[in-house]
Amino acid sequence: MASLSAHENKKFLIVDDMPEMRSSLRSQLASLGHSRVAISSNVKTAVAQLEQDSFDVILCDYFLGDGSDGQQLLEHVRKRKLISRSTLFIMITAEKGYVSVMTAAECLPDDYLLKPFTADALKLRLESLLDKKARLAKVDAMQDKERWPEVVAACDEIIASGDRYQTEARRIRGNALIACGRFDEAMAFYRQVLAIRVMPWARFGLARAQFAQGELEACTATLRQLIEEAPQLLSAYDLLSQIQLDAGQTDDALHTLDQACEIAPESLSRHRAIARVAEKKGDFTRVESALTRVVTKTRNSPLRETADIASLGNAHAEMGAPEKAIQLIDEARKNFKSDADDPHLAAVEALAQHKAGRPELAAAALSRALDTTPGSLPQDVALRIARACLATGQQDKGEAILKSIVQNNPESTAVHAQVTEALNVHGTPGRAAALIQEGVQEVVALNNEAVRRGRAGELGAAAEMLTEAAERLPGNAQIVSNAAFALLLDIYSNGPDTVKLHDALRFQKRVTMLDARHPKLADIAELQRRIRTKYGQTA
Amino acid sequence: MRFAALAALSIHDVKNRLALMAARAENRGDNETLRDALAAAGELTRLLACYKAETGLLRPDIDAFSPADLVKELVTETRPLSQLDILGDSQLAPQSWFYDESLIRMVLANALHNALRFARQRILVTARESGDWLELCVADDGPGYPPEMLANPARPAPMSEEGVGIGLYLARHVAALHENHGFRGEVSLDNAPGAVFCLKLPR
């Protein structure tokens, strides 16, 4: 084992709302020879420090006052990638029971430290955790770069060595197998781990692999068993509710999320999930109650999200309280400059002003919402803008946005249902079927034309056409994957081209994100291999 | 139920104060106060664990940990608190084993604090692999367990004047929560001739 001297000169960040605990930790670290120590008293300053600087070790108290906690901070900084995997995050708590809820591995701290502890105990724990980080450095670096096959190989090395980190390596290996689409292998691997010992992470890994493979019934059974075995594993509820939601069982999905909330009442992400499901169901009372909680808790905190304000405002408007929605949005804009031009908030404001009987203000808000190209916005925001257009009488604009939403997801019945619902409520009922058909046909025609040109040998033209379509319809896996393939085919036939290669890789990554099992991905990988054979590794 | 929630919050608050007290004592080198603060915090941890055990809420969070690290940490933490020789032996310990680290630490810390009171000169904490079991033992050179404790080891004795009871009750409960392929962990007490507390966890 390496001595502390191997870990000297590390940079620490202490996050604790109690001044005396902060200074006590600082003096414990000083007695261990650590002098590069920064201090934060709350989530806001901690996030600011993490944005500016990188740290080797974060010592964070679980309770941070003002209703925020260390788990929320951890989830936030991991989600925004403010800390890399090489940073050690240690959660300090007086009572493990409070924090014994478990979530996805990437949202877990590296360790929990129970108060009170002596400086000597802290020293030993730091040494052992830093040793572990050092042993996993290569695995972590590859994970940060999302080079999954290399992660698998690096884990295999550790597992073969049989050292004390092999269980950690197994956990990461399974996750990497799923991330690079090797679902069958992942399932077999998790089953093998489970045969030795039933561990919640392995059961959950099996469920994720089954989900990714589309084995939804088996996945549901695995999740039910997992909830039985380890009711504190929140991720199980998240995935189960997603399956239920996809199957249109909104009541079941809500029930599952309620169960998770009982276990972790402070979890912001679950309240947000409840609001999303309730909104799909049209249950705005629940949207209001879930998001009022989130918005109140995150006010003036970096954990705040503009989308929460938009959805809550929308719920107020839908519940017949448009003034309340307008007030909420005004307040948000006053406190956060970046919200001033937010298209999502503008769309909700347009709807609220319309409902409040002020058409001029509604039109003004809508034109601000339309300043951003709707195609570049997330689908829920685009949908919100489309609804606002329809509600305020801008039929053409609303329908154009809806059509592009359909073209981004031509096969998703869930999206078709949302588009239909929007048209039924705010637009022309009965128009939906024709609009969806038009949208889908346009995409099919475009695709066919590209294929025809490709076959005719006009590879450059086909690639250009599909690239343009892929930029416009970033959610359409077929178009985006065909664009990647066409670009690579062009490169294979006509020689390497940095810009085209860059676009092809970007599109390939995008398809993997949209649908890791997309059949075209194998063709793309094969073509890349051929390009490398023909032009060398650099291509 | 309301009282339980209130008690849990109070325990949390008191532990925070004890943590501050321990930090101040450590700063000025006052090991007696530090020892008492750590012991008091440990008592509260066990109290809460006991409540959870009785209401079925004590769920183990089992993962792979290093028994050698655990022994080293316990010994290092305890050594400054006493004049006794406190030794750790992990020569025969496995690289890693599966258990709930915080629960096992709680049980062993309790055994160690008991040994502090009865040992004459030395305490030995060992971790070793024996067949399909991990054995974590705390042995002292004191007078040993009273005969009635050894006679009826299964007797649940949450209350006793020595305060051993709640610890032993909890130790057995925690041991039994560690189950794999039908094998459950167990606790054994022995005099050799000093008291030997042993926690066995299945592979």
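These numbers were taken from a predicted model, which means no experiment stands behind them. (Residues numbered from 1 in each chain as written. Chains lettered and ligands numbered in written order. Predicted model: local features only at pLDDT ≥ 70, side-chain atom pairs only at ≥ 80, totals over all residues.)

## A word on the overall build of chain B
At step 1: A tally of regular secondary structure across chain B gives six helices and nine strands.
At step 2: Its C-alpha radius of gyration of 17 Å places chain B within 12% of the 17 Å reference for a compact globule of 203 residues.
At step 3: Each principal axis of the C-alpha distribution contributes one length, and for chain B these read about 45 × 40 × 35 Å.
At step 4: Here chain B, with 203 residues, has 43% of them falling under the buried criterion.
At step 5: Contacts in chain B between residues at least 24 apart in sequence constitute 66% of all its contacts with a sequence separation of at least 6. (Helix = DSSP H or I, 4+ residues; strand = E, 2+ residues; numbered from the N terminus. Rg over C-alpha atoms; globule rule 2.2 N^0.38 Å. Buried ≥ 20, exposed ≤ 12 C-beta atoms within 10 Å, placed from the backbone. Contact = placed C-beta atoms within 7 Å.)

## Here's the deal with helix H25 (residues 477-494) of chain A
Residues and elements named next belong to chain A.
At step 1: In this model, H25 (18 residues) spans 25 Å end to end at C-alpha, consistent with the 26 Å of a helix rising 1.5 Å per residue.
At step 2: Summarising burial for H25: 15 of the 18 residues are buried, a large majority.
At step 3: Count one or two residues on from H25 and you reach Gly495, which has phi positive near 100°. (Expected span 1.5 Å × (residues − 1).)

## Here we look at the domain arrangement of chain A
At step 1: Parsing chain A into structural domains produces domain 1 (1-135), domain 2 (373-448) and domain 3 (457-535).
At step 2: The centre of domain 1 of chain A, based on its C-alpha atoms, is set 43 Å off from the matching centre of domain 3 of chain A. (Domains from an automatic or database assignment.)

## Remarks on the domain arrangement of chain B
At step 1: Assigned domains of chain B: these are domain 1 (2-54) and domain 2 (63-202).
At step 2: Contacts between the two partners involve ten residues from domain 1 of chain B, matched on the other side by ten residues from domain 2 of chain B.

## Some details on the pairing of strand S9 (residues 195-202) of chain B
All names here are of chain B.
At step 1: Within S9, seven of the eight residues are buried, leaving the element largely enclosed by the surrounding structure.
At step 2: As judged from the seven bridges shared by strand S5 (residues 133-140) and S9, these two strands associate in the antiparallel manner. Paired with Leu136 across the bridge in S9 is Leu199.
At step 3: The antiparallel hairpin formed by strand S8 (residues 186-191) and S9 contains three residues in its connecting segment. (Pairing = 2+ DSSP bridges.)

## What to know about the sheet that holds strand S3 (residues 57-61) of chain A
In sheet architecture, strand pairing relies on hydrogen bonds along the backbone and comes in two forms, parallel and antiparallel.
Residues and elements named next belong to chain A.
At step 1: If you walk across this open sheet you meet the five strands as S2-S1-S3-S4-S5, and the pairing is parallel. Only two strands of the sheet have a single partner each, and these edge strands are strand S2 (37-40) and strand S5 (111-114). For this sheet, the mean angle separating the axes of adjacent strands, direction not counted, is 20°.
At step 2: As defined by bridge partners, S3 adjoins strand S4 (residues 88-93) across five bridges and the pair is classed as parallel. For Asp61, the partnering residue across the bridge sits in S4 and is Ile92.
At step 3: Packing of helix H2 (residues 43-52) onto the sheet brings it into contact with strand S1 (12-15) and S2, and relative to S2 it is tilted by some 145°. (Axes fitted to C-alpha atoms, helices over the stretch in contact; angles between N-to-C directions.)

## Details of the confidence of the model for chain A
At step 1: Of the residues in chain A, 96% have a pLDDT of 70 or more, and the chain-wide mean is 90.
At step 2: Across chain A, S1 of chain A holds the top mean pLDDT of 97, while helix H4 (residues 96-99) of chain A sits lowest at 62. (pLDDT = per-residue confidence, 0-100.)

## Quick notes on the sheet that holds S9 of chain B
Residues and elements named next belong to chain B.
At step 1: With mixed pairing, five strands are arranged side by side in an open sheet as S2-S4-S5-S9-S8. The open sheet terminates on both sides in strands that have one partner only, identified here as strand S2 (85-89) and S8. Each neighbouring strand pair of the sheet contributes to a mean axis angle of 15°, computed without reference to strand direction.
At step 2: Lying on the sheet, helix H3 (residues 67-78) is in contact with S2, strand S4 (122-130) and S5; it crosses S4 at an angle near 175°.
At step 3: Sitting on the sheet, helix H4 (residues 101-118) touches S4, S5 and S9, and the angle it makes with S5 is about 20°.

## What to know about the interface of chain B and chain A
At step 1: Listed as interface residues are 31 residues of chain B and, on the opposing side, 27 residues of chain A.
At step 2: If you list the elements that add at least two residues to the side of chain B that touches chain A, you get helix H1 (2-27), helix H2 (31-54), strand S1 (63-65) and H3 of chain B.
At step 3: A per-element tally of the side of chain B that touches chain A places H1 of chain B first, with ten residues.
At step 4: A class-by-class count of the residues in the side of chain B that touches chain A yields twelve nonpolar, nine polar and ten charged. (Nonpolar A, V, L, I, M, F, W, Y, C, P; charged D, E, K, R; others polar.)

## Some points on the packing of helix H13 (residues 250-263) of chain A against helix H14 (residues 268-281) of chain A
Residues and elements named next belong to chain A.
At step 1: Close contact between H13 and H14 brings their axes to 10 Å; oriented N to C, the two are set at 165°. One finds that H13 runs roughly antiparallel with respect to H14. Where H13 crosses over H14, the handedness of that crossing is left-handed. In this structure, H13 uses Thr250, Ala253, Leu254, Leu257, Ala260 and Cys261 to contact H14, whose residues at the interface are Arg270, His271, Ala273, Ile274, Val277, Ala278, Lys280 and Lys281. (Parallel < 35°, antiparallel > 145°, perpendicular 65-115°, else oblique. Left-handed = near helix turned anticlockwise from the far one by under 90°.)

## Overview of the nonpolar core
At step 1: In this structure, Val107, Leu108 and Val138 of chain B are the most contacted members of the largest nonpolar core, which totals 141 residues.
At step 2: When near neighbours in sequence (up to four residues on either side) are disregarded, Leu108 of chain B contacts Leu74, Leu136, Val138 and Leu199 of chain B.
At step 3: The next biggest cluster of nonpolar side chains, apart from the first, holds 29 residues, and it includes Leu50, Tyr62, Leu88 and Leu114 of chain A. (Core = buried A, V, L, I, M, F, W, Y, C linked by C-beta atoms within 7 Å.)

## Regarding the confidence of the model for chain B
At step 1: Summary statistics for chain B give a mean pLDDT of 88 and a share of 93% for residues scoring 70 or more.
At step 2: Prediction confidence for the complex, expressed as pTM and ipTM, is 0.82 and 0.90 respectively.

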